[in-house]
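# Working through the structure, step by step
For reference, the chains in residue letters:
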Amino acid sequence: MEEKTLATSKQNYWLAVLLAWGIPELFGFYLYFIVDEFPEDEVIRYGMILGPLACGLLVLFMLAKVELAITDKRVYGRASFGCRVELPLDSVTAIGTSFMKGIAITTASGSIKFRCIKNRDEIYDVVSKLLMERQTSKMVFNEPSPADELKKYKELLDTGAISQDEFEAKKKQLLNVLIGFRQLNEK
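Keep in mind that this is a model prediction, so the values were computed, not measured.

Residues Val-75 and Gly-77 of strand E3 (residues 74–78) are buried on one face, while the alternating residues Arg-74, Tyr-76 and Arg-78, pointing to the opposite face, are not. Relative to E3, strand E2 (residues 67–71) runs antiparallel, the two sharing four bridges. Bridge assignment links Leu-68 to a residue of E3, and that residue is Gly-77. Counting the residues in the hairpin turn of E2 and E3 gives two residues. Judged from the five bridges that link them, E3 and strand E4 (residues 84–88) form a sheet pairing that is antiparallel. Directly across from Tyr-76, in E4, lies its bridge partner Glu-86.

In structure tokens, the structure reads:
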């Protein structure tokens, strides 16, 4: 069976650039207008121009290659600084949202964050749905089948632990459950 892509990320750099440029810029304004100890030309050069420019470029370099794709079998893409990530869907234990429009995908070995994703909520919903489907399918398979239950009650009848009437009542009940399962699967 071929792998089906369910969602892919769309980039949103505005928030990252705003924070990376804006915070150092505010610090430069603070030094320029409030603190009188620093030379004015140094504050303008480093605190208001070079500092924000360096921070902005660093954030763009860090987030430029961030991408995320969700398929019916795996989660893959590139995290910060272009680090390749490929996780089988069975290894994903949880998903959450994080700072700067980010997605945090958790596995047994840790959490991986993908930042500045414009369609974060869509990706969150897709992965949450896949995790819920996996959880409910595991719950169904952990229950004994009606055939196994019937076999167990037959053994109890053979050993004399239950009467023939009790066995027939349980048999009828289990067959009704089995018919119900088949009708659900046919829909």
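Backbone hydrogen bonds hold the strands of a sheet together, and the pairing may be parallel or antiparallel. The three strands lie next to each other as E5-E6-E7, forming an open sheet whose pairing is antiparallel. Two strands bound the open sheet, and with one partner strand each, they are strand E5 (92–98) and strand E7 (110–114). Geometrically, the sheet is characterised by an average inter-axis angle of 20° between neighbouring strands, direction not taken into account. One ladder, built from six bridges, connects E5 with strand E6 (residues 102–107); its direction is antiparallel. For Ser-98, the partnering residue across the bridge sits in E6 and is Gly-102.

Where E6 lies against E7, five bridges are found, and the strand directions are antiparallel. The partner of Ile-105 across the bridge, within E7, is Ile-112. Taking the residues between adjacent antiparallel strands as the criterion, E6 and E7 are bridged by two residues.

Our focus in this paragraph is the nonpolar core. Generally speaking, a soluble globular protein has its nonpolar side chains buried in company with each other. Judged by nonpolar contacts, the single largest core of 24 residues is most densely connected at Leu-68, Ile-70, Val-75, Ile-103, Ile-105, Phe-114 and Ile-123. At the level of secondary structure, the elements contributing two or more residues to this core comprise helix H2 (40–63), E2, E4, E5, E6 and helix H3 (120–142). In this structure, Tyr-153, Leu-157, Ile-162 and Phe-167 belong to the second largest nonpolar core, which totals five residues.

What counts, and where the lines are drawn
Residues numbered from 1 in each chain as written. Predicted model: local features only at pLDDT ≥ 70, side-chain atom pairs only at ≥ 80, totals over all residues. Heavy atoms only, no water. Buried < 20%, exposed > 50% of the residue type's maximum accessible area, 1.4 Å probe, protein only. Helix = DSSP H or I, 4+ residues; strand = E, 2+ residues; numbered from the N terminus. Pairing = 2+ DSSP bridges. Axes fitted to C-alpha atoms, helices over the stretch in contact; angles between N-to-C directions. Core = buried A, V, L, I, M, F, W, Y, C linked by side-chain atoms within 4.5 Å.

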